[in-house]
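Listed here are the chains, written in short residue letters.
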Amino acid sequence: MIKTTTISGFCPYFNEEITVKASFIQYNSLSAIPYATPEKNMCQHHSECGRSANPDDCPVFNQVFLWNEL
C-alpha cells in the first residue's frame with residue numbers, strides 16, 4: 001500500500017521546521033507495528049538545500065514513521 005502525505009520536521013539546510021510532501025510504502029516487520037518506508041520525496045525546496053540537492057538525503061524525509069501516524 002502506498003500513501004502520499006505531508007510530513008514536518010527540522011531542516012538543517014534552512015535552520016527551521018518545514019513541511020514536505022512525500023509518499024511512503026507500508027512495511028510490516030516481525031512485530032505487529034506497521035512502519036512507513038520512504039518512497040519518494042516531493043519537496044519543492046530540494047534544489048536550495050546547499051550541501052545536497054539530492055532529495056534522498058533530506059533529514060525530514062528520512063525520519064522513522066509509524067504507518068498509522070501518517
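In the block above lies the structure referred to throughout.
Residues numbered from 1 in each chain as written. Predicted model: local features only at pLDDT ≥ 70, side-chain atom pairs only at ≥ 80, totals over all residues. Heavy atoms only, no water.

Chemist: Let's hear about the sheet that holds strand β2 (residues 16–28): which residues, and what values?
Modeler: Taken together, the four strands give an open sheet; going across it, the order is β1-β2-β3-β4, and neighbouring strands pair in antiparallel fashion. This sheet does not close on itself; its edge strands, each paired only once, are β1 (2–11) and β4 (65–66). Strand direction decides the pairing type here: β1 and β2, joined by 10 bridges, are antiparallel. Note on β2: the bridge partner recorded for Thr-5 is Ala-22. (Pairing = 2+ DSSP bridges. Helix = DSSP H or I, 4+ residues; strand = E, 2+ residues; numbered from the N terminus.)

Chemist: Run through the pairing of β2, naming residues and quoting values.
Modeler: In the sheet, β2 pairs with strand β3 (residues 34–41) via seven bridges, with the strands oriented antiparallel. Note that in β3 the partner of Ala-22 across the bridge is Asn-41.

Chemist: Which residues make up the environment of Cys-11, and what values do they have?
Modeler: In this fold, Cys-11 is placed in strand β1. Judged by its relative accessible area of 2%, Cys-11 is buried. Note: C-alpha distance between Cys-11 and Val-60 (49 residues apart in sequence) is 6.4 Å. Sequence-distant contacts of Cys-11, defined by excluding residues within four places in its chain, comprise Glu-16, Ile-18 and Val-60. (Buried < 20%, exposed > 50% of the residue type's maximum accessible area, 1.4 Å probe, protein only. Contact = heavy atoms within 4.5 Å.)

Everything listed is a geometric property; what it means functionally is a separate question.
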